[in-house]
Protein chains: 2
Amino acid sequence: MATIKDVAKKAGVSIATVSRVINNSPKVSEKTRQRVLEVIRELNFMPNIIAQGLQTKRTNTIGLIFPDATSYYFAEIIRGIIGVVQKQKYHVVISSSHDENDELRTLISMLQSGRVDGMVLMMPTITDSKFLKHTLKNFPVVFVCTNIKTSRSTSVIIDNFNGAKKVTSHLIEHGHRRIGFIHGSPNNFDSRERYRGYLSALANAGISKSELYEARGNFTEQSGFNAAMELFSQPSPPTAIFAANDSMAIGAIEAAKRLSLNVPNDVAIVGFDDISTSRYVEPALTTVRVPVFEVGEIVGKIILKHLSGEGGSVEEKIVIPVELVVRKSCGCKES
Amino acid sequence: MATIKDVAKKAGVSIATVSRVINNSPKVSEKTRQRVLEVIRELNFMPNIIAQGLQTKRTNTIGLIFPDATSYYFAEIIRGIIGVVQKQKYHVVISSSHDENDELRTLISMLQSGRVDGMVLMMPTITDSKFLKHTLKNFPVVFVCTNIKTSRSTSVIIDNFNGAKKVTSHLIEHGHRRIGFIHGSPNNFDSRERYRGYLSALANAGISKSELYEARGNFTEQSGFNAAMELFSQPSPPTAIFAANDSMAIGAIEAAKRLSLNVPNDVAIVGFDDISTSRYVEPALTTVRVPVFEVGEIVGKIILKHLSGEGGSVEEKIVIPVELVVRKSCGCKES
DNA sequence: ATGAAAGCGCTAACAT
DNA sequence: ATGTTAGCGCTTTCAT
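Quick caveat: nothing in here was measured; it's all calculated off a predicted structure.

Basis of the calculations
- Residues numbered from 1 in each chain as written.
- Chains lettered and ligands numbered in written order.
- Predicted model: local features only at pLDDT ≥ 70, side-chain atom pairs only at ≥ 80, totals over all residues.
- Helix = DSSP H or I, 4+ residues; strand = E, 2+ residues; numbered from the N terminus.
- Rg over C-alpha atoms; globule rule 2.2 N^0.38 Å.
- Contact = placed C-beta atoms within 7 Å.
- Pairing = 2+ DSSP bridges.
- Axes fitted to C-alpha atoms, helices over the stretch in contact; angles between N-to-C directions.
- Domains from an automatic or database assignment.
- Near = placed C-beta within 6 Å.
- Nonpolar A, V, L, I, M, F, W, Y, C, P; charged D, E, K, R; others polar.
- Least-squares fit on C-alpha atoms with pLDDT ≥ 70 in both.
- Buried ≥ 20, exposed ≤ 12 C-beta atoms within 10 Å, placed from the backbone.
- Parallel < 35°, antiparallel > 145°, perpendicular 65-115°, else oblique.
- Left-handed = near helix turned anticlockwise from the far one by under 90°.

Caption draft 1: Expanded view of the overall build of chain A. When helices and strands are counted, chain A shows twelve helices and twelve strands. A compact globule built from 335 residues would reach a C-alpha radius of gyration of about 20 Å, whereas chain A, at 26 Å, exceeds it by more than 25%. Across its three principal axes, chain A shows a C-alpha extent of roughly 90 × 40 × 30 Å. Contacts in chain A between residues at least 24 apart in sequence constitute 69% of all its contacts with a sequence separation of at least 6.

Written out as structure tokens, the structure is:
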């Protein structure tokens, strides 16, 4: 690999001059600039980013931490982020984490080791926010699906509350009163907000909540299946179920089929997210669409904004609107 | 951020000693080691990776280039890779690419700028392999779904040929003779191999191929829909279709439904990949299962092997076996 | 066992 | 407009 010295020598100039042309400094005569550029091309030279970073304290890379789980959700968000930051010559280093401790460890190591200029954190179950706030003091961060505020952060969150409220209300409009809810992973921000929305819709309709109609899952299909089985085993089972995400809703549909319950006639089932499978299940799933890819793009734009120095003007919180997608599983005839 | 100097000063030793304890050098007295470690903890010191890298020429990071497309396939592979390399303290920097030029540009910049120690390349449509071979000379690389050989590479590929052969033969066993094929993106390695497998199965059964039964897609559902429509419009349309991936097969099923063709009675349809949606479509899709996550893990292990210096003993090529998954869309009764 | 010092490839004063 | 030089934070001889 050719270094700046090689270029300087071959071009007959000092390394400072070479550095200047690399960085497009105006204080280089057109003539020398051309000579240097030529040599750079000849030698196939590219500045060593590591060395550059050591000096400038900028790495031009953004750290990404996300939960280690097969998930259309996160995959698309990441894709969105990469797409936008890459255009601004930023690189992305990615880490997955199994649990919260893991998350924090990775987080800290990325931070302290000077590897990244900013981070986007998808830690939906984070709880120790005081520690986090302290660690991230003055570091550019965007939180996805977690509502935390640090000195230089913004939170990008889905409008879980209203989405959940809408879809639950839709169930109520179908005449249901005994509406079950399947929770996602414990402490998960999205799940909690969706639960709040569910509760709010019930309250609006004057339906009192019942613990009997709530079951716990962890966002997987299997957990949705189990949770639904539990719900169905009640003496007076719910006539409708709202699962905190589509995967669990699909599991619940399986459970209904297993018990020879017709969906939506015997039991209506709805979900949240609108993953690609949802339109194919039988019956097609009524759900709430989250524009995941767009969320990623927004996140990317925001972190870039933070890094560009205009920190003062960045939003603290962005709520992404969602949309009710009515299909068959709720009892509607036409999709 | 505390630096090695701060630690040295506070511990009353030289920076060399601190460096030694960081790197677990045995030539430090136990006593000093403890003192230094203590100060490190107090100061919350972590070695600056950038500076370390400048000196050692190792970045402990692996570059990943993958096609920018929503894809369960790539998302899972990436997840597999990250999982294994992270355990060995490697970081992953990810780039997506829209087209081949894009790919090569990113590739080169990652390489030359000294940002990564090795790379994994998912470039299924790469064609300019001479250039690639030259650029990657002596650089540790693993190719995924591309059969290229450079001086320090290994190719990890799916057993597309046999998978395609099996699923096509299965169709033949059902009595089909007019079997259509929907190609994936032009120049795509997987698609081409699957086509070869299809051809081989036909040949084995003494069925001559016909251009009339081939249509071109690009791996998307929409393209599968269009391709199938084209196929169905033949005067004597195929009685079975093998699409080069599941998404296109699903699109083909939609097309059949649109024309009121019963699947599998009027036309059998099979795919490749076994994406999660495939078991939910109506009828459930017969396909070939690719153990995507495991592919990722294998890729991770291989690149680590390359980086650990035991380059000589690394396999040049690894073929991942696949498995026929029989469901309903082929005409079988029980799944 | 420990320290001094050179240097990795680059940027950014400062000097000319 | 160009060159000299001092670091950035670390590792690694080479002394001691």
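Caption draft 2: How the structure looks around the interface of chain B and chain A. On the chain A side, the residues contacting the 35 residues of chain B number 35 residues. For the side of chain B that touches chain A, the secondary-structure elements that each account for two or more residues are α4 (49-56), α5 (72-87), β2 (91-97) and α6 (100-112) of chain B. Here three bridges tie strand β2 (residues 91-97) of chain A to β2(B), and the two strands are oriented antiparallel to one another. Of the residues in β2(B), the one forming a bridge with Val92(A) is Ile94(B).

Caption draft 3: Layout of the sheet that holds strand β1 (residues 61-67) of chain B. Spatial ordering of the open sheet is given by β11(A)-β5(A)-β4(A)-β3(A)-β1(A)-β2(A)-β2(B)-β1(B)-β3(B)-β4(B)-β5(B)-β11(B), a layout of twelve strands whose pairing is mixed. Of all strands in the sheet, those with a lone pairing partner are β11 (317-320) of chain A together with β11 (317-320) of chain B, marking the two edges. Put simply, the sheet's adjacent strands are angled 20° from each other on average, direction ignored. In this structure, strand β5 (residues 153-158) of chain A lies alongside β11(A), joined through four bridges in parallel fashion. If you follow Ile157(A) over to β11(A), its bridge partner there is Val319(A).

Caption draft 4: Structural view of the domain arrangement of chain A. What the domain assignment lists for chain A is domain 1 (1-45) and domain 2 (160-290 + 324-330). The C-alpha-based centres of domain 1 of chain A and domain 2 of chain A are spaced at 64 Å.

Caption draft 5: Highlighting the protein's contact with DNA strand D. Around DNA strand D sit 25 residues, and of these Ala16(A), Ile4(B), Ser19(B), Asn48(B) and Ala51(B) come closest. If you list the elements that add at least two residues to the surface near DNA strand D, you get α2 (15-22) and α4 (49-56) of chain A together with α2 (15-22) and α4 of chain B. In terms of residues, the surface near DNA strand D owes the most to one element, α4(B), which gives five residues. Of the residues that constitute the surface near DNA strand D, the class distribution is twelve nonpolar, twelve polar and one charged.

Caption draft 6: Inspection of the relation of the copies chain B and chain A at higher detail. In the superposition of chain B on chain A (RMSD 0.1 Å, axial shift 0.0 Å), the rotation amounts to 180°. The transformation just described matches what one would write down for a two-fold rotation axis. Relative to the rotation axis, the C-alpha of Val93(B) is the closest in chain B, positioned 2.1 Å from it. A share of 100% of the interface residues of chain B reappears at the interface of chain A, consistent with the copies meeting face to face through the same patch.

Caption draft 7: View of unusual backbone geometry. With an omega of -5°, the peptide bond running from Glu282(A) to Pro283(A) counts as cis. Within the fold, Pro283(A) resides in the loop between β9 (268-270) and β10 (287-289). Note the cis peptide between Val263(B) and Pro264(B), where omega equals 10°. Positive phi values are uncommon outside glycine, yet Asn24(B) reaches one of about 55°. Position of Asn24(B) among the secondary structure elements: in the loop between α2 and α3 (30-43). We classify Asn24(B) as exposed; it has 8 C-beta atoms within 10 Å. At Asp273(B), a position not held by glycine, the phi torsion is positive, near 125°. In this fold, Asp273(B) is placed in the loop between β9 (268-270) and β10 (287-289).

Caption draft 8: Quick peek at the protein's contact with DNA strand C. Lining the immediate surroundings of DNA strand C are 25 residues, of which Ile4(A), Ser19(A), Asn48(A), Ala51(A) and Ala16(B) lie closest. Those elements that place two or more of their residues in the surface near DNA strand C are α2 and α4 of chain A together with α2 and α4 of chain B. Residue contributions to the surface near DNA strand C peak at five residues, all from α4(A). Class assignment of the residues belonging to the surface near DNA strand C gives a composition of twelve nonpolar, twelve polar and one charged.

Caption draft 9: Representation of the packing of helix α1 (residues 4-11) of chain A against α2(A). Residue and element names in this part refer to chain A. Where α1 meets α2, the axes come as close as 8 Å, and the angle between the chain directions of the two elements is 110°. The angle between α1 and α2 places the two elements in the roughly perpendicular class. Every residue of α2 that contacts α1 at Ile4, Lys5, Val7, Ala8 and Ala11 is listed here: Ile15, Val18 and Ser19. For the contact of α1 with α2, the class distribution of residues is six nonpolar, one polar and one charged.

Caption draft 10: Main features of the packing of helix α10 (residues 221-232) of chain A against helix α11 (residues 246-258) of chain A. Residues and elements named next belong to chain A. It is at 7 Å that the axes of α10 and α11 come closest, and there the two elements cross at 50°. The orientation of α10 relative to α11 falls into the category oblique. When the axes of α10 and α11 are compared, the crossing they make is right-handed. Across from Glu221, Gln222, Ser223, Gly224, Phe225, Ala227, Ala228, Met229 and Phe232 in α10, the residues of α11 making contact are Ser247, Met248, Ala249, Ile250, Gly251, Ala252, Glu254, Ala255 and Ala256. Partitioning the contact of α10 with α11 into residue classes produces eleven nonpolar, five polar and two charged.

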